[in-house]
Amino acid sequence: MQVRIVTDAPGSVRAGALVVPVFSGDSGLDGVAKTIDTEIGGALADISAGEHKGKLAEITLVHARDKNFKRVLMVGLGERAKFEPYMLARYAGAAVRYLGKRGFTEIAFALPELAKGKEAAAGSFIVEGALTGTIDTTMYQNEPDKTIKLQKVIILADGLDRKELEKGAERGEILGEAVNAARRMALTPANDMTPTHMAKRAKELAKEAGLDIDVLDEDEMKKHGMGSLLGVSRGSDEEAKMIVLTYKGDSSSKDVLALVGKGLTFDSGGISIKPAENMHEMKYDMSGGAGVIAAMYAIGKLKPKINVIGVVPASENLPGPRAMKPGDVLKAMNGKTIEVINTDAEGRLILADALCYSAKLGATKIIDAATLTGACVVALGHAASGLMGNDENLIQHFLAASKPTGERYWHMPLFDDYATATKSEIADLRNSAGRAAGSLTAGSFLKAFVGETPWIHLDIAGTAYLEGESAWQAKGPTGTPVRAFVSFVESLANGDEKASANGAVAKTATI
Ligand code: BES
Ligand code: MN
Ligand code: ZN
């Protein structure tokens, strides 16, 4: 997909369609949208005063056959007072999905006046949204009926800072590609997306982005004492892999941020097998790992001044003849013993060793993302990911850096009570502590494997994939937490960490 930023007069832009923003309320149109409205004789004003209510991603197609742009697509941006730049990603995504399915390949975007002064963010979100809007779920269909073939995105820079728009658009392209890479990995069914295949995909992306990569096999895991991860993998014929990506962006610093992601390529539950209903969705149980690989790809391309490693434990969880059984005791890399109460609480088992290994690789800060608990979906639904951690500064910084991306994270507590609940009578820990506060006992379990290292855990069980499509996004994987990871890394590289430690609100890198 080609991106062009043009300063031509809006009316002279050649494209299959020109997309204009419409706010809800009395004065729905501004800037370029108003100019275009005048050019085509007032139809947009009529429609925005009538049937188009300006709700976010609401759409009306208007014909303008005697103009260079042929069609105008009015896309809602919601209430002007509640506008946030990330909404432009949804604006662009909705337009691409609507027009793309109807065969349009060249789309021009107008921006609202509110984008003035925020051009880098606007450029980034428009391109990110356009790219993520192109994905559909038909990769295995012989005759896909709705593929979107977007070739060209044009952004109208009339009255705006073109340089900043260009800078943002470049970032948006990298981020959008990364988000799509994570989503495609998650969409790929488990018979293809095995741990070995995930490692292969990681190698391809690492090569493209200039990252170092190391993949541990089971023999190497044994040498490191990763008995917890190996316990989960025992029930499957597919070999587990520990994927480690390395980005060195700051040779003057000893600090290393570790991004850790659950790469469970299929979660049947193991011997504590899951009910058949919706079990197929458990191919998405590697979304945290895919998010880490994709975020590392974006980081390699964006080159922020910071050192980051990506650590992805990849495994299947199946009830094969050698599978771990409820009651078994496993030993993790840090020597802690774990009584397996429920083989379906496998995410925390593979993460336990990945967290220990991250510390061994020199991590001075750790963030993990995992589709860890159904309880998190009960607590927050699909509206936000759960966030827990052991370091208030790091948590506040992550919340501030991730907020502008449009991904939502909600801080939940890790009281000592939950740690008490994960104690076992025969081992140091047990992997399940019953129904009460299921996400928080899971978080407390992970905490036992990070020691004193500042750490955040993101439970993305409710946000990594969606059961339905939306105007701006296909059904299935969302790409969470790629946007937040990238934004946080940029923010750390910018030194916003110190600002937030001093009590100031962290500003974020480009957005
Ligand atoms: N992968 C699941 C969590 C999950 C559930 C993700 C629904 C997305 C949607 C995880 O491995 C799991 O099975 N967790 C158990 C833990 C329990 C046995 C303590 C759960 O949530 O039921
Ligand atoms: Mn499970
Ligand atoms: Zn799982």
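Residues numbered from 1 in each chain as written. Chains lettered and ligands numbered in written order. Predicted model: local features only at pLDDT ≥ 70, side-chain atom pairs only at ≥ 80, totals over all residues. Heavy atoms only, no water.

**Examining the packing of aromatic side chains**
Condition: Ring pairs shown here join Phe, Tyr and Trp side chains whose ring centres sit within 6.5 Å, with only the six-membered ring taken for Trp; geometry is labelled stacked below 30 degrees between planes, edge-to-face above 60, and tilted in between. Numbering goes from the N terminus for both helices and strands, where a helix is a DSSP run of H or I of at least four residues and a strand is a run of E of at least two. Summary of the burial criterion: residues with accessible area below 20% of their type's maximum are buried, those above 50% are exposed, and those between are partly exposed, where the area comes from a 1.4 Å probe applied to protein chains only.
The full count for this structure, using the stated rule, is 7 aromatic pairs. Taking the centre distance of 6.1 Å and the plane angle of 80° together, the rings of Phe 23 and Phe 83 count as edge-to-face. Here Phe 23 is found in strand E2 (residues 17–24), whereas its partner Phe 83 is found in the loop between strand E4 (71–79) and helix H3 (87–100), with 60 residues between them in sequence. An identical accessibility class is assigned to Phe 23 and Phe 83; each is buried.

**Points about the coordination of the manganese ion (ligand 2)**
For clarity, the threshold we go by: Donor selection uses N, O and S atoms within 2.8 Å of the metal (3.2 Å for Na, K and Ca). Since no water is included, sites may look incomplete. The geometry test gives tetrahedral to four donors whose angles all lie between 85 and 135 degrees, gives square planar to four donors and octahedral to six donors whose opposite members are over 155 degrees apart with all other angles between 65 and 115, and gives irregular to the rest.
Around the manganese ion (ligand 2), the protein supplies Asp 267 (OD), Asp 344 (O), Asp 344 (OD) and Glu 346 (OE) as donor atoms, at distances of 2.0 to 2.2 Å. One way to put it: the 6 donor atoms around the manganese ion (ligand 2) meet at angles of 70 to 166°, and that makes the site irregular. Expressed as a motif, the donor residue spacing for the manganese ion (ligand 2) is D-x76-D-x1-E. Separating the manganese ion (ligand 2) and the zinc ion (ligand 3) is a distance of 3.2 Å, and Asp 267 donates to both of them. A residue pair is termed long-range when its members are at least 10 positions apart, and Asp 267 in strand E10 (residues 263–267) and Asp 344 in the loop between strand E13 (337–339) and helix H10 (347–360) qualify at 77 residues.

**Digging into the side chain of Thr 463**
For clarity, the threshold we go by: A contact between two residues is defined here by any heavy atoms of the two lying within 4.5 Å.
Note that Thr 463 resides in the loop between strand E18 (455–459) and strand E19 (465–466). Among the residues examined, Thr 463 registers a relative accessible area of 8% and is labelled buried. If sequence neighbours within four positions are ignored, Thr 463 has contacts with His 382, Ala 384, Ser 385, Thr 478 and Thr 480.

**Remarks on the domain arrangement of the protein chain**
For clarity, the threshold we go by: Per the annotation, domain bounds derive from an automatic or database assignment of domains. In short, buried area is how much 1.4 Å probe accessible area vanishes from two parts on joining, totalled over both. The salt bridge criterion pairs a side-chain nitrogen of Lys or Arg with a carboxyl oxygen of Asp or Glu, the two atoms within 4 Å.
One can read the domain layout of the protein chain as domain 1 (2–178) and domain 2 (188–501). Between the C-alpha centres of domain 1 and domain 2 there is a distance of 35 Å. Taken together, the contact pairs 21 residues of domain 1 with 23 residues of domain 2. Of the roughly 1,800 Å² buried where domain 1 meets domain 2, counting both sides, 60% is carbon and sulfur surface. On the surface where domain 1 and domain 2 come into contact, there are 4 salt bridges.

**Let's talk about the coordination of the zinc ion (ligand 3)**
Around the zinc ion (ligand 3), the protein contributes the donor atoms Lys 262 (NZ), Asp 267 (OD), Asp 285 (OD) and Glu 346 (OE), which lie 2.0 to 2.4 Å from the metal centre. Note that the zinc ion (ligand 3) binds 6 donor atoms; their angles at the metal cover 78 to 173°, and the shape is octahedral. Each donor residue of the zinc ion (ligand 3) lies on one chain, and together they are spaced K-x4-D-x17-D-x60-E. Judged by its relative accessible area of 3%, Asp 267 falls in the buried class.

**A closer look at the pattern of salt bridges**
Pairs can form between side chains of opposite charge once their charged atoms are near each other. One pass over the structure, following the stated rule, counts 20 salt bridges. A salt bridge links Lys 241 to Glu 239, with the shortest nitrogen-to-oxygen separation between them at 3.1 Å. Overall, Glu 239 belongs to the partly exposed group, its relative accessible area being 30%. The residue Lys 325 makes a salt bridge to Asp 328 at a minimum N-O spacing of 3.6 Å. Through salt bridges with shared partners, a single ionic network connects Arg 97, Lys 101 and Glu 469.

**Overview of the sheet that holds strand E5 (residues 106–109)**
In a beta sheet, neighbouring strands are held together by backbone hydrogen bonds and run either parallel or antiparallel to one another. Selection criterion: DSSP bridges decide pairing: two strands pair if at least two such bridges lie between them. For helices, the fitted line uses only the C-alpha atoms of the stretch in contact; every axis is such a line through C-alpha atoms, and the angle between N-to-C directions lies from 0 to 180 degrees.
Ordered by their spatial adjacency, 6 strands build an open sheet running E1-E6-E5-E2-E4-E3, and the pairing between neighbours is mixed. Because the sheet does not close on itself, it has two edges, and the strands there are strand E1 (2–6) and strand E3 (59–63). Taking each pair of neighbouring strands and ignoring which way they run, the sheet shows an average axis angle of 25°. With 5 bridges connecting them, E3 and E4 associate as antiparallel partners. Across the sheet, the residue bridging to Thr 60 is Met 74, located in E4. Docked against the sheet, H3 engages E2, E3, E4 and E5, running at close to 145° with respect to E4.

**Some details on the site of ligand 1**
Condition: Nearness here has a simple test: a residue counts as near a molecule or strand if at least one of its heavy atoms is within 4 Å of that partner. Between N or O atoms, a polar contact is any pair within 3.5 Å; within protein, one atom must be a potential hydrogen donor and the other a potential acceptor, and residues adjacent in sequence are included only when both atoms are from side chains. For this scheme, ten residues count as nonpolar: Ala, Val, Leu, Ile, Met, Phe, Trp, Tyr, Cys and Pro. Four count as charged, namely Asp, Glu, Lys and Arg, and the remainder, Gly too, count as polar.
What surrounds ligand 1 is a group of 16 residues, the closest being Asp 267, Lys 274, Asp 344, Glu 346 and Gly 374. Residue Asp 344 places a side-chain N or O atom 2.8 Å away from an oxygen atom belonging to ligand 1. Looking at side-chain class alone, the shell around ligand 1 contains 4 nonpolar, 5 polar and 7 charged residues.

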